[in-house]
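Geometric and topological summary
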Amino acid sequence: QVQLVESGGGLVQAGGSLRLSCAASGSFFLINAMTWYRQVPGKQRELVAAITSTGTTNYADSVKGRFTISRDNAKNTVWLQMNSLKPEDTAVYYCNADIRTHWFRQGIPYWGQGTQVTVSS
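Okay, so let's go over this structure.

Rules used throughout
Residues numbered from 1 in each chain as written. Predicted model: local features only at pLDDT ≥ 70, side-chain atom pairs only at ≥ 80, totals over all residues. Heavy atoms only, no water. Helix = DSSP H or I, 4+ residues; strand = E, 2+ residues; numbered from the N terminus. Buried < 20%, exposed > 50% of the residue type's maximum accessible area, 1.4 Å probe, protein only. Lys, Arg positive; Asp, Glu negative; His and termini not counted. Salt bridge = Lys/Arg side-chain N within 4 Å of Asp/Glu carboxyl O. Polar contact = N/O pair within 3.5 Å; in protein donor to acceptor, adjacent residues only side chain to side chain. Contact = heavy atoms within 4.5 Å. Disulfide = S-S within 2.5 Å. Pairing = 2+ DSSP bridges. Axes fitted to C-alpha atoms, helices over the stretch in contact; angles between N-to-C directions.

**Some thoughts on the side chain of glutamate 6**
Among the secondary structure elements, glutamate 6 is positioned in strand 1 (residues 3–7). We note that glutamate 6 is buried and unpaired, the nearest opposite charge coming from arginine 45 at a distance of 7.7 Å. A polar side-chain atom of glutamate 6 sits 3.1 Å from the main-chain amide nitrogen of glycine 114. With near-sequence residues (within four places) excluded, glutamate 6 lies in contact with Ser21, Cys22, Trp36, Tyr93, Tyr94, Cys95, Gly112, Gln113, Gly114 and Thr115.

**Side note on the state of the cysteines**
What the rule picks out here adds up to one disulfide. The partner cysteine of cysteine 22 in its disulfide is cysteine 95, sulfur to sulfur 2.1 Å. With the S-S bond torsion at -80°, the cross-link from cysteine 22 to cysteine 95 turns out left-handed. Highlighted residues: cysteine 22 in strand 3 (residues 18–25) and cysteine 95 in strand 9 (residues 91–100), separated in sequence by 73 residues. Since its relative accessible area comes to 0%, cysteine 95 is described here as buried.

**What about unusual backbone geometry?**
Of note in the backbone geometry, asparagine 76 takes a positive phi value of approximately 50° without being a glycine. Looking at the secondary structure, you find asparagine 76 in the loop between strand 7 (67–72) and strand 8 (77–82). Judged by relative accessible area, which is 24%, asparagine 76 ranks as partly exposed. If you check the backbone angles, serine 84 has positive phi at about 50° while not being a glycine. Positionally, serine 84 belongs in the loop between strand 8 and strand 9.

**Focus: the sheet that holds strand 1**
On the basis of which strands lie adjacent, the open sheet formed by four strands has the order 1-3-8-7 and antiparallel pairing. What marks the edges here is a single partner per strand, and that holds for strand 1 and strand 7. Each strand of the sheet is rotated relative to its neighbour by a mean of 15°, with strand direction disregarded. Note that strand 1 and strand 3 share five bridges and pair antiparallel. Its bridge partner lying in strand 3, glutamate 6 is registered against cysteine 22.

**What to know about the environment of asparagine 58**
Turning to its location among the elements, asparagine 58 is positioned in strand 6 (residues 57–59). Asparagine 58 gets classed as partly exposed once you look at its relative accessible area, which sits at 45%. The spacing of asparagine 58 and glutamate 46 is 12 residues in sequence and 13 Å in space, taken between C-alpha atoms. Setting aside residues no more than four positions away along its own chain, asparagine 58 makes contact with Leu47, Val48, Ala49 and Ala50.

Below, the structure written as structure tokens:
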């Protein structure tokens, strides 16, 4: 059974930094793209940053220049380094991974449990 386990959330003052981690465990063939989303109550979940298996990255305009996504394919882990945090970055952050469980199967999305990030002003 495939699981994504997140860690690294917490409370930080504006201007501070946090680093989120998401590790995939279980039995699978390979991981395609890995993505961080965030959601605040009453709003839709929004994409924050994504990275392909070959390292191509994409960011939401609101986090460009402040957040950095990276991954280690050998460790099946993705990170989100968040710098210069703002109160509007406060949200629950979710890890998503497109995972092929077998070579003959297409990838399907898996989600982490979410981790709370709170930025105080």
